[in-house]
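Residues per chain, in single letters:
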Amino acid sequence: MSVLWTNYIFFLACCSGLGFGSPNKCDEVRKVFQLRQIGPNQLLPISPRPGSDLQVCISKNLTCCTKKMEEKYQVAARRDIQNLVQTSSSSLKFLISRNVAAFQDTFEVLMRQAENHTNVVLQESYRNMADQAVGPVRELFTDIGLFLMGSELNVDDLIQRFFDSLFPLVYNHLINPGLSDISPGYAECVRSSSRDVRPFGGTPSLLSDQITRSGVSGKLLLQALHLGIEVINTTDHLQLSRECRRALLKMHYCPHCQGLTQSKPCMGYCLNVMRGCLASMAEIDTHWREFVRSLEGLSARMHGPQDLEQVLLGVHTLLHDAVGHAQKNGPRLSAQVHKLCGPPSRKPAQSVSIQHSSSSSSSSSSRESIPLKAPVRVSGDSLAVRRRDFLNSLRLYRTYYGGLADQLCVSELASGDGLSCWNGTDIVKSYTLRVVGNGIKAQSTNPEVKVKGADPVINQIIDKLKHINQLLQGKSIPKLGSLDQIETGSGDAEGRYSGDCDDEDGCGGSGGGENKRKIPRVSKLSPDVSGDHKHHHHHHSPPAEDSELVGRSRSLGLTGAIWVLILPCLHVLLAL
């Protein structure tokens, strides 16, 4: 009888140690196991058992866990933490992603507004050539849009190409107008002569400089935000070390093995585990803070010549002045073109009448589609307002990485002050071990998690943050490295302009063919943007191919004249 009594007392003690109050001893553990979809219920023992085979959730008492359950619990603990990290970063990620899309949309709207304003000004001031200028204007703003979205375009080239294509129209309609348009061959010669006669003074160089300055700032802002998203994506899917996974299992689910499904870890215990697991992530803190500050600095500099909105909506004014400059200097330009290309070669009268009728019809339809309104700058949708609102919101997240471990413990994981809590082995009133700080170095004395060193993936993302911060601050000259390089064109803002341009002022650049391109929406931009643009002045000699073209047109004209004399003689001979 005494033996039975002793066994009964031992059984009650075990049940008391396990915290099981119901006759079905592991029911509560089974319910939580099933509710959280940790694994199949067949893994659970029917009743408490010795846990000699367990690796982490070791206890002197009987346990409701098996080795297979322990493995499932470890997977669940890792998943729970990753879900918490992703949930905590979701608002930050959404903030940046939403503003990347908003900035890109604003860029595209600005492109359309600037193009419309330019066409309106040409229609109002230079109606005769406005319809034929629609194509070059469209290509100009398409190229500027491509540049802003990260394409490798040289700004000097695209600006000069536009003014090259504009010069034959100005020459034909304003400088040397005639009853018919100049022939295609002569128009090509006039276009080629633009580099030598410099019909638009210093406007091409001025516009190129403004687009380069403001465009580099705009595209740098976009690529910095893309890198911000990359940082968050990297930390959201960070691989946890084996020591961290075991510590998370011990903190989250080892109490379940003793039937303590409602327990929470002590605050100090939670901080040690989470600061150890997220030690590498905490190393981002310094560079993330600098990232936010650098974005604020870039935004503060985006005014005047670096205000993209102001520059784009001012293109029509520069273009109007450029055409006026050419018209004012018409006699000089006409003489120079005559010297290079000869007298104007006009189209035959029949084709001219057809051309004029089609031009008239397209002109009326074009004028109907273009609103004749003065440029209006809507402050509510301006880039400056968007940047200000975005940075005000981003500033709230500047300490995100430094305080992530603490935030998770305080808001999600740890027990409240004064409540009994889990210390890794038992339910206690308070955690008595030393609580370490954040970062890799502080973990050398962590009693809960052994941290071997910084995560290589985190080191890579820190290097990228360092690089973009230097670019945002204007301290780095880009080199082709781990990130793609963006071509920004060339230009020296300080040396190019020292006052108003006179008739002899010109600008460098090189032309090219005209291609219709659509502005792409980019998902990633690279940070290698030059902050220092050196422009070189070149005095272009006439291209060889253009000289040949002029020679060919003259020889063809002479040959045609000879045939006019010979053909009547041939008719007479044939009649005989």
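What counts as what
- Residues numbered from 1 in each chain as written.
- Predicted model: local features only at pLDDT ≥ 70, side-chain atom pairs only at ≥ 80, totals over all residues.
- Heavy atoms only, no water.
- Salt bridge = Lys/Arg side-chain N within 4 Å of Asp/Glu carboxyl O.
- Helix = DSSP H or I, 4+ residues; strand = E, 2+ residues; numbered from the N terminus.
- Buried < 20%, exposed > 50% of the residue type's maximum accessible area, 1.4 Å probe, protein only.
- Axes fitted to C-alpha atoms, helices over the stretch in contact; angles between N-to-C directions.
- Parallel < 35°, antiparallel > 145°, perpendicular 65-115°, else oblique.
- Contact = heavy atoms within 4.5 Å.
- Nonpolar A, V, L, I, M, F, W, Y, C, P; charged D, E, K, R; others polar.
- Core = buried A, V, L, I, M, F, W, Y, C linked by side-chain atoms within 4.5 Å.
- Disulfide = S-S within 2.5 Å.

Comments concerning the pattern of salt bridges
In total, this model carries 13 salt bridges according to the counting rule given. A salt bridge links Arg-191 to Asp-164; its shortest N-O distance comes to 3.9 Å. Pair noted here: Arg-191 is in helix 6 (residues 184–197) and Asp-164 is in helix 5 (residues 155–175), with a separation of 27 residues, a long-range link. With relative accessibility at 24%, the residue Arg-191 sits in the partly exposed group. Its salt-bridge partner being Glu-243, residue Lys-452 comes within 3.9 Å of it at the nearest N-O pair. Here Glu-243 lies in helix 8 (residues 242–252) and Lys-452 lies in the loop between strand 2 (427–428) and helix 19 (456–472), a separation of 209 residues in the sequence.

Examining the packing of helix 3 (residues 67–125) against helix 18 (residues 404–413)
One way to put it is that helix 3 packs onto helix 18 with a least axis distance of 11 Å and a crossing angle of 105°. Classified by the angle their axes make, helix 3 and helix 18 are roughly perpendicular. Here Ile-81, Leu-84, Val-85 and Ser-88 of helix 3 lie close against helix 18, whose contacting residues are Leu-404, Gln-407, Leu-408, Glu-412 and Leu-413. Class assignment for the residues of the contact of helix 3 with helix 18 results in 6 nonpolar, 2 polar and 1 charged.

Here we look at the environment of Glu-283
As for its position among the elements, Glu-283 is in the loop between helix 11 (279–282) and helix 12 (285–301). Residue classification places Glu-283 among the partly exposed residues on the basis of a relative accessible area of 31%. Those residues in contact with Glu-283, other than ones at most four positions away along the chain, are Gly-439, Ile-440 and Ile-462.

Describing the nonpolar core
Formed by 133 residues in total, the largest nonpolar core has its most connected members in Tyr-73, Ile-96, Leu-166, Leu-248, Met-274 and Ile-284. For this core, the leading source of residues is helix 3, giving 17 residues. Beyond its immediate stretch of four places on either side in the chain, Ile-96 contacts Leu-225, Gly-228, Ile-229, Ile-232, Trp-288, Phe-390 and Leu-394.

Considerations on the state of the cysteines
Under the criterion given, the structure shown has 7 disulfides. Across a sulfur-sulfur distance of 1.7 Å, Cys-26 and Cys-64 are joined as a disulfide pair. Taking the torsion about the S-S bond as the criterion, the Cys-26 to Cys-64 disulfide, at about -95°, is left-handed. Pair noted here: Cys-26 is in the loop between helix 1 (2–18) and helix 2 (27–35) and Cys-64 is in the loop between helix 2 and helix 3, with a separation of 38 residues, a long-range link. What pairs with Cys-65 in a disulfide is Cys-257, and their sulfur atoms sit 1.9 Å apart. The S-S bond linking Cys-65 to Cys-257 shows a torsion near -90°; that makes this disulfide left-handed. Taken as a pair, Cys-65 in the loop between helix 2 and helix 3 and Cys-257 in helix 9 (residues 254–257) lie far apart in primary sequence, 192 residues in all.

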